[in-house]
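# Report on the structure
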Amino acid sequence: MSKLTVSHEYVYTQIRQNIRLGKYESGSKLSENKLAKEFNCSRVPVREAFLRLQQEGLVTIYPQSGTYVRTYTLEDYRNAIEIRAYLESLAVSLVIERDVSVDSLEREYLMMQQVIESPEFDLHLFGEHHYNFHRQLVILSGNSLLLEIYDRLHFHAIQQIFFRPMTREELLLTHQEHRMLIDYIINKDSQGPQFAVRHLWDRKRATLAQLETEQQGFAYPPVSESTVI
């Protein structure tokens, strides 16, 4: 691949995926020169990718020092989960009130189902559809400010906290809850917003407590084939 054919989008996508899969560890420094050599491109697309990744909360750029994979603390995760649960609960309320089509939720649900049923479970692909499902809830709310706040809090960047070893039974139960959430909305059930909070927060509370007990300085774990969102 010649340097002229390597786009900023390609470099950005590759670095982003490598961070999320743990190839570039939390807190590690990312070298423009090394990455330019790795992707056979100039430093310009790498620098542009860094700026975009900083906006997404995946890296931190320190002047006169360099670019580092961002480190999140256990408290960061706890705060994010709490806020996300109630933002999405509000979104569910608004979606029910607006009586809009949930076709986009159905599509993401079916995509997750396909990944689950695939002979080779693709964790990264499942995670993308899982995030897209929840973000669609916010989009369907029709509240642009709510979506702006949701995106500004970088939930996509820190969703690694949802990666943890799960049995197939636990995975299927989580996915079943996605189906239930869609049905709450379709049926205009007033319990839908409360169910959204339980889905996003109650179960994660136990996970956070366990992590807090196991380690003092928490940084998100790299993703392995034995973990799911």
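Before any of the text, the structure's been laid out above.
For clarity, every value in this text was computed on a predicted model and none was experimentally measured.

Procedures and definitions
- Residues numbered from 1 in each chain as written.
- Predicted model: local features only at pLDDT ≥ 70, side-chain atom pairs only at ≥ 80, totals over all residues.
- Heavy atoms only, no water.
- Pairing = 2+ DSSP bridges.
- Helix = DSSP H or I, 4+ residues; strand = E, 2+ residues; numbered from the N terminus.
- Salt bridge = Lys/Arg side-chain N within 4 Å of Asp/Glu carboxyl O.
- Buried < 20%, exposed > 50% of the residue type's maximum accessible area, 1.4 Å probe, protein only.

## Topic: the pairing of strand 2 (residues 59-62)
One ladder, built from four bridges, connects strand 2 with strand 3 (residues 66-69); its direction is antiparallel. Bridge pairing in strand 3 places Ile61 opposite Thr67. Turn length for the strand 2-strand 3 hairpin, with the two strands adjacent in sequence and antiparallel, is three residues, and the turn residue Gln64 shows positive phi of about 65°.

## Quick word on the pattern of salt bridges
Under the criterion given, the structure shown has twelve salt bridges. Residue Arg16 pairs with Glu128 through a salt bridge whose shortest N-O separation is 3.9 Å. Taken together, the residues Arg16 in helix 1 (residues 8-20) and Glu128 in helix 6 (residues 123-140) connect sequence positions 112 residues apart. Residue classification places Glu128 among the buried residues on the basis of a relative accessible area of 17%. Residue Arg179 pairs with Asp183 through a salt bridge whose shortest N-O separation is 3.1 Å. Of the two residues, Arg179 and Asp183 both sit in helix 8 (residues 168-186), four residues apart, roughly one turn of that helix. On the accessibility criterion, Arg179 (22% relative accessible area) is partly exposed. One continuous salt-bridge network, built from bridges that share partners, spans Arg16, Glu56 and Glu128.

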